[in-house]
Number of protein chains: 4
Amino acid sequence: MMGMKGGATGGGYSQVIPMEDINLHFTGDMHAITSAHNLLASLLDNHIHHGDAFHIDPRYIVWPRVMDLNDRSLRHTVVGLGGPQDGVPHQEEFSITPASEIMAILCLAQSLKDLKERLQKIIVAYTYDLQPITAEKLHAVGAMATLLKDAMQPNLVQTLEGVPAFVHGGPFANIAHGTNSLIATKLGLHLVDYFITEAGFGSDLGAEKFFNIVCRVGNLKPDAVVLLVSIRALKHHGQGINTKAVEKGLVNLEKHVENIHLFGVPVIIALNHFTKDTDEEINIVEHWCQHHQVPMAVVDVWSQGGEGGIELAGKLVDLIHNHESRFRFLYDTTLSVKEKIHTIATKIYGAERVVYSVAAEHDIKLSEQLGLSTLPICIAKTPYSFSDDSNLLGRPTGFKITVRSIRFSAGAGFLVPMTGKITTMPGLPAKPVAEEITIDDHGNVTGLF
Amino acid sequence: MMGMKGGATGGGYSQVIPMEDINLHFTGDMHAITSAHNLLASLLDNHIHHGDAFHIDPRYIVWPRVMDLNDRSLRHTVVGLGGPQDGVPHQEEFSITPASEIMAILCLAQSLKDLKERLQKIIVAYTYDLQPITAEKLHAVGAMATLLKDAMQPNLVQTLEGVPAFVHGGPFANIAHGTNSLIATKLGLHLVDYFITEAGFGSDLGAEKFFNIVCRVGNLKPDAVVLLVSIRALKHHGQGINTKAVEKGLVNLEKHVENIHLFGVPVIIALNHFTKDTDEEINIVEHWCQHHQVPMAVVDVWSQGGEGGIELAGKLVDLIHNHESRFRFLYDTTLSVKEKIHTIATKIYGAERVVYSVAAEHDIKLSEQLGLSTLPICIAKTPYSFSDDSNLLGRPTGFKITVRSIRFSAGAGFLVPMTGKITTMPGLPAKPVAEEITIDDHGNVTGLF
Amino acid sequence: MMGMKGGATGGGYSQVIPMEDINLHFTGDMHAITSAHNLLASLLDNHIHHGDAFHIDPRYIVWPRVMDLNDRSLRHTVVGLGGPQDGVPHQEEFSITPASEIMAILCLAQSLKDLKERLQKIIVAYTYDLQPITAEKLHAVGAMATLLKDAMQPNLVQTLEGVPAFVHGGPFANIAHGTNSLIATKLGLHLVDYFITEAGFGSDLGAEKFFNIVCRVGNLKPDAVVLLVSIRALKHHGQGINTKAVEKGLVNLEKHVENIHLFGVPVIIALNHFTKDTDEEINIVEHWCQHHQVPMAVVDVWSQGGEGGIELAGKLVDLIHNHESRFRFLYDTTLSVKEKIHTIATKIYGAERVVYSVAAEHDIKLSEQLGLSTLPICIAKTPYSFSDDSNLLGRPTGFKITVRSIRFSAGAGFLVPMTGKITTMPGLPAKPVAEEITIDDHGNVTGLF
Amino acid sequence: MMGMKGGATGGGYSQVIPMEDINLHFTGDMHAITSAHNLLASLLDNHIHHGDAFHIDPRYIVWPRVMDLNDRSLRHTVVGLGGPQDGVPHQEEFSITPASEIMAILCLAQSLKDLKERLQKIIVAYTYDLQPITAEKLHAVGAMATLLKDAMQPNLVQTLEGVPAFVHGGPFANIAHGTNSLIATKLGLHLVDYFITEAGFGSDLGAEKFFNIVCRVGNLKPDAVVLLVSIRALKHHGQGINTKAVEKGLVNLEKHVENIHLFGVPVIIALNHFTKDTDEEINIVEHWCQHHQVPMAVVDVWSQGGEGGIELAGKLVDLIHNHESRFRFLYDTTLSVKEKIHTIATKIYGAERVVYSVAAEHDIKLSEQLGLSTLPICIAKTPYSFSDDSNLLGRPTGFKITVRSIRFSAGAGFLVPMTGKITTMPGLPAKPVAEEITIDDHGNVTGLF
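As the structure is a prediction and not an experimental result, all values here were calculated from the model.

### Quick notes on the arrangement of the chains
Regarding chain A and chain C, which are not in contact, the minimum distance between any of their C-alpha atoms is 9 Å. Spatially, chain B is disjoint from chain D: no contact exists, and the shortest C-alpha separation is 9 Å.

See below:
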């Protein structure tokens, strides 16, 4: 909240409230995750300090610390300095709390029991002979789960018009699956007739991970997909600012539609209406949808609230009832790690091939030794392109995906191939929003969005 | 909660509830302070990163980061490593959250307005030519106060018997004033006939600071003091395990009583009864009280609840109504820094003289240049002795107090002479309590005290 | 000497003596360079410590420290820790002494006056507003030159057969020009009829830099080039182990010959004879040379001493007297930085194009602002391939050269485009040679090569 | 040479030449020690990097690195950063080369064999279960001794008048024994009739250590002591600037004379004449000497060369021939560590008692476990006072000596009780001498003293 403008509550007449609380401490879930995460780090360093019975290699401490702030100075630190009474020195990265594996775990765990089992499996370090040290080995699980017990409860809020909504969990889409808690989704499915969840960052990231990871874990069968698109985004992919660019950018939309179809789920396109959009531009999209036989509706919930989404709602319900979903996974988890990555990269991204660094090859081998190679895959990739190069717009072809290393989220239950330099701790800009936030003597806050 | 046994809710029939919540995240005040504190640190480092317009000396960054955990590996760190995109390197200490100056500020601020004014004055660093950089200069105050707005509200809980109690704020008595929030105290004074607050660590620390700092800020006039004593403590100061030691240890009690009298407040001694205390031992204390004309009552609220404190309550009410308090401060703040320290050290501690390191002399000079020398004094000293040597028990004399440096808590509004090595970040023991905490599949927690 | 086997004195009957001294401290030149280099680093940090009048950005301290040892633990360090009395913290790399810019300077300086002028220009850091801080600004030059005055004197040694040789200077070919001191070369040219110097790492690195940098600085006109080749190297580039591979590898030799011709200098090929070479293999090379009209001789100075080089000597003298050298530089220094790099990359390496990272673009711009863009170019590139990918053997085509950043050796007088990760501090292997070196009680050493 | 004025060659007509060389690289001994020292550090870190078979505690790496420069930024560093390929992180101190234990070893070793045996015993680190790791265990001794083989040879120079002098070795008197090499002394004793060695820093440091450590190792029996004194020093200890102060300062001289007598060696006082000394001041010293029956001579070798020392020489020869030395050690090495320290502190310093920190108690216990408690003692203490407080001038009494820790110089063969904060790496002043050193184009140096 303190760096760039733009909070988590949406805007206009569809804003979720209480905005101020949601954007500040809310129900304390973030703080609980922060505490549980850092407790584990402290217990690990404490083990080493008190004799290091496991003979841990300080270079292979893979559990960062977290802080729920943008703070670039914490990206690369050295801790444990000061002398024999102050721990053993090692390099330490701080991530922002949503990037914690515990956030991913909390969003996939279906019960306290499940939570504890996942926490047990977290790998925090390796010994000099490459044995993994887990949270279980450090006897950390009970205390961590205790700190998380309330954070496990879904948070029910509402829009300005009183529509109920869950705001619960938010794993960093950069290195995790990026969708809200499974427990909230499942609760919602019991409560209402139609339940919608957000899976941000496009069909190549949000949708692919939701389908292959979350639906697999939760045994979910989505009935339909609402694919949100904007004229602005189409122009961006068409690399221009006029109607020509809209037309040119449609290849990007086309690939997203195809990707959804790979999973056997019916799709409807929602065109998010902006004030500056012209009729001509909107017509281009409508025309394309008709031509490709994809249902479509213009939505304007920002300025009209629920009223602005009625057409979409009607068409969506129609789609659900008249087009049966034949949901299927993209890959079988028993495939090899490389086969799974290859499947996603070629089918979803449209890549020609996948190349691996020496480190990544080592990681794959290690995943096999540790029995982790049958986990699903959660690729860390830029959301700005189907490729791993954010400059390749539209629908690129003939490119290769480079896997530099693979992180093991053994507790969350997936492997994370890193396809570029992913920052898990943002920095503040030269003029951070924090400098403009004010609160008067009566507690009225301004500058928070 | 994760290191040693012993939470913050008391025990037996006088325990404050809900124990589990109070000992875990409670109302999130700690997390709010942590966030506000670390936001300020991030804004400071961000300023340096984006050009360092103030020309700050990285060796004189005096604002630590905090974490609400025992974590010795964070005592001495280096942050800002990694290259030009990742901040400017400097040494960084992490303290535990209660040691944050913001905790002290929150416990002294009487309104949001007051809170903001105090936050403004926090000194976070110095330039190469010794100009102080404050939170105000970094435009941090609005965002910090916004993060703290709910934490400013007192938390009302109750004992097992339903007696109301505020649990609000807890500044580290080691380097701050160690008493709960003034805002809770003042609220309480409006609500009930008799209001009691705790000022831990003896007359030389808790009481002295409460009288000279908190009462001065809040314009409070205490009616009476309940001086809590135990046979165990008297034996400790008598350096033995038998009745003889109790007798010998009474010189320590004597000095505490004299100290209270220096402030003009009537005092009653409450002997906290432990199961193993013998009648003979209790008689020694009673006899001493009679001889010195100090009212006294044995209390046993641990095993009997309120019933065990009835005698004390009666005598205390009697004391308040029949002995007028002539409360006065020990020193005038217009005295020089050394005069104020000398007054506390000689009158309260019984020291012969005060000596200053070269660093402390510099600090005093700087406090004068910065206009901070008229602040009250909050000495950081061991609670185990009237002196600064924890081995000198009973009522030592002829000793000197050594001031090694002086920290400026310009926002809290006091100067902190450091009289020894004060750790503001505890470590975990070889067998931390955290390892024994469990939670079953239904959310029942064990191992939390 | 302490890591891998293989010293600097050659072997067999052409070894240069005294081997032991040359491989240990020799005349102390390395130590003098180490001292002068580190003195400058100390003066820089001292300037910052005493008030930092220049307002230096600690992230842009570009002057490493050096040590004349393989020591990987010094590659990445943080110095200046410990508190206000112990300097200002910053990240610091240690290089091995030959990688010091001072080594490059010493090998290009033609007099003490020239040495001092070059030392003056060394850039050690930048201010927050990108002003360069030089050795001159730090008043370091007099002391540095004083430490180097004896190291400037060429060291005259001899082979086992008494042939005189200079062993003087050795700039790391990875990031500098890699040839011995110009002052020794010029002294040699005054003393004898024929003077040969070594310019290691092939025509693309050693020769190109010797011609374009050293000859330009020293106004030298080489009469001829002896191009040393081995059957083993040809097989490596032919990617096989039989005669077929020798044939296939000749494309690599061909490119080297063409490269020499680009400079207008006559060339003779010397085939360094190894015991295992077969006549058939040698015939292939001889045949190729005849076909391409390049003079050639087999040499075996390792087993036969000077006798083994007589044929080469004769042919070389013949070449010098009968083929006039029309030596010319490959590029004019007034060209832009990119034009100069492009010329080398396309003409010498055979690259298709050159691409630049964002950092490299910045560096080029900065070089122009600082008036350094008219310096010659000294590309840091792998010696294992004509390209910047050590796996591309033979004579690769169609490849691109990626410039990641550009270092300014303002004192040495060249710009260093970095085309890959160049380590300037080697590590020791798991079984370092140092462990096998022994010295008996009479001073006899074994294990030194 | 680069920080403060004042080299190692003396001044005036008794200067040792070649001054310039001696003050710069000289015969390279310092460089050889630097190389051998840092090689050992590199081998240690290399061992850890390649699997850490010994399970070394990174907090107990006790072997620093060294550099032969004043460089405060290297006092406290962290090395081994950068990732798994770049070593294991640990805190690292750099000392100035004379503070290396290898310097102390070189100055005590009597042969190459002895040198190797001492190098073997150097302790560089401890494992997590407190087993010492020695240079021998790291197979470092052969390579280290090879690097030191020439440095072991004594360096023979001469004064301006041609008097021969050895300049060989210089262990930091702060943490070592502070006298030149035993091998040079023993060589000198074979070559001339009268041989004089310097043992700087007074009878309490230089002389005590020379007698108890060097003479013990080398089986030397000194015939006489020349105790050098100046009017300036006496005034300093008398705390004034007039003749009164000279008189008052004589108690300091008295204690030095008594200390020498404790070793049974005849003593003569040499009053080093300064231009400003008055006859009256000199008379005071002469009078005192007559009264105490201590022979005495005024010397002025600075302005007169050897001529100025003729009286001293005559009286010294007389003393040697007519007063038999009954040299004896002050303590037996079989005494306990505390008894040995107590003996030195009370008899030589005049202390009342010795107190030990917790760390020092641990160190003593460890020295016993490692079989090192029978080594002689080499106390690190300020040279400015007989006590460990540099402000106590004259002949203080009633003071205590505080031992904070004990370093083990197992190779040099002594234990070093640390009685204060001893800096082994000096810093440069705000205006370092280095800035004033110049060298002209012909190699003439100015500014070197």
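### Focus on the interface of chain B and chain A
Opposite the 63 residues of chain B that make contact, chain A presents 63 residues. When chain B packs against chain A, close to 5300 Å² is buried across both sides, 61% of that on carbon and sulfur atoms. Looking at the side of chain B facing chain A, the largest losses of area belong to Arg72(B), Ser73(B) and Ile439(B), adding up to 11% of the total buried there. In this assembly, chain B and chain A are joined by eight salt bridges. The interface formed by chain B and chain A contains 33 residue pairs in polar contact (both at pLDDT 80 or more). Listing elements by their share of the side of chain B that touches chain A, those giving two or more residues are α1 (19-23), α2 (29-49), β3 (65-67), β4 (77-79), α4 (112-121), α5 (141-148) and β18 (438-439) of chain B.

### Brief notes about the pattern of salt bridges
Residue and element names in this part refer to chain B. According to the stated counting rule, one finds 64 salt bridges over all chains in the structure shown. A salt bridge links Lys338 to Glu361; its shortest N-O distance comes to 3.0 Å. Of this pair, Lys338 sits in helix α13 (residues 337-349) while Glu361 is found in helix α14 (residues 358-369), placing the two residues 23 residues apart along the sequence. Judged by relative accessible area, which is 33%, Lys338 ranks as partly exposed. For Glu361, a relative accessible area of 35% gives the class partly exposed.

### A closer look at the confidence of the model for chain A
For chain A, per-residue confidence averages 95 on the pLDDT scale, and 100% of positions sit at 70 or higher. Here the prediction assigns the complex a pTM of 0.95, and the interface score ipTM is 0.95.

### Quick notes on the relation of the copies chain B and chain A
In screw terms, the move from chain B to chain A is a rotation of 180° and a rise of 0.0 Å along the axis, fitting with an RMSD of 0.1 Å. On the angle and the small slide along the axis, the relation comes out as a two-fold axis. Taking C-alpha positions as the reference, the residue of chain B nearest the rotation axis is Val78(B), at 2.6 Å.

### Quick word on the relation of the copies chain C and chain B
What relates the two chain copies is a rotation about an axis together with a slide along it. For these two chains of identical sequence, chain C goes onto chain B by a turn of 180° and a shift of 0.0 Å along the axis, with RMSD 0.0 Å. Taken as a fraction of all interface residues of chain C, those also at the interface in chain B reach 100%, which identifies the copy contact as same-surface.

### Comments concerning the interface of chain C and chain B
With 19 residues of chain C in contact, the opposing surface of chain B contributes 19 residues. Each partner contributes to the roughly 1600 Å² buried at the junction of chain C and chain B, and carbon and sulfur atoms together form 61% of this total. At the boundary of chain C and chain B, one finds zero salt bridges. Scanning the region where chain C abuts chain B turns up 10 residue pairs in polar contact (both at pLDDT 80 or more). Elements that contribute at least two residues to the side of chain C that touches chain B include exactly α2 (29-49), β2 (56-61) and β5 (90-92) of chain C.

### A short note on the sheet that holds strand β2 (residues 56-61) of chain D
Residues and elements named next belong to chain D. Here we have three strands laid out as an open sheet, ordered β2-β7-β8, and antiparallel in their pairing. Bordering the open sheet on either side are β2 and β8 (132-134), each of which pairs with just one other strand. Across the sheet, the axes of successive neighbouring strands diverge by a mean angle of 45°, strand direction being ignored. As judged from the three bridges shared by strand β7 (residues 123-127) and β8, these two strands associate in the antiparallel manner. The residue of β8 that forms the bridge with Ile123 is Thr134. Its contacts with the sheet put helix α2 (residues 29-49) on β2 and β7, and the angle it makes with β2 is roughly 145°.

### Comments concerning the packing of aromatic side chains
Evaluation of the coordinates by the stated rule reveals 22 aromatic pairs over all chains. Note on Phe94(A) and Phe94(B): the rings are 5.8 Å apart at their centroids and 10° apart in plane angle, and the pair reads as stacked. Here Phe94(A) is found in strand β6 (residues 94-96), whereas its partner Phe94(B) is found in strand β6 (residues 94-96) on a different chain. Across the pair, exposure class does not vary: Phe94(A) and Phe94(B) are buried alike. When the centroid spacing of 6.3 Å and the interplanar angle of 50° are considered together, the rings of Phe166(D) and Phe195(D) count as tilted. With Phe166(D) in strand β10 (residues 164-166) and Phe195(D) in the loop between α6 (182-191) and α7 (203-218), this residue pair connects regions lying 29 residues apart in the sequence. Of the residues examined, Phe195(D) reaches a relative accessible area of 26% and is grouped as partly exposed.

Conventions used here
- Residues numbered from 1 in each chain as written.
- Chains lettered and ligands numbered in written order.
- Predicted model: local features only at pLDDT ≥ 70, side-chain atom pairs only at ≥ 80, totals over all residues.
- Heavy atoms only, no water.
- Contact = heavy atoms within 4.5 Å.
- Buried area = accessible area lost by both parts, 1.4 Å probe.
- Salt bridge = Lys/Arg side-chain N within 4 Å of Asp/Glu carboxyl O.
- Polar contact = N/O pair within 3.5 Å; in protein donor to acceptor, adjacent residues only side chain to side chain.
- Helix = DSSP H or I, 4+ residues; strand = E, 2+ residues; numbered from the N terminus.
- Buried < 20%, exposed > 50% of the residue type's maximum accessible area, 1.4 Å probe, protein only.
- pLDDT = per-residue confidence, 0-100.
- Least-squares fit on C-alpha atoms with pLDDT ≥ 70 in both.
- Pairing = 2+ DSSP bridges.
- Axes fitted to C-alpha atoms, helices over the stretch in contact; angles between N-to-C directions.
- Phe/Tyr/Trp six-rings, centres within 6.5 Å; stacked < 30°, edge-to-face > 60°.

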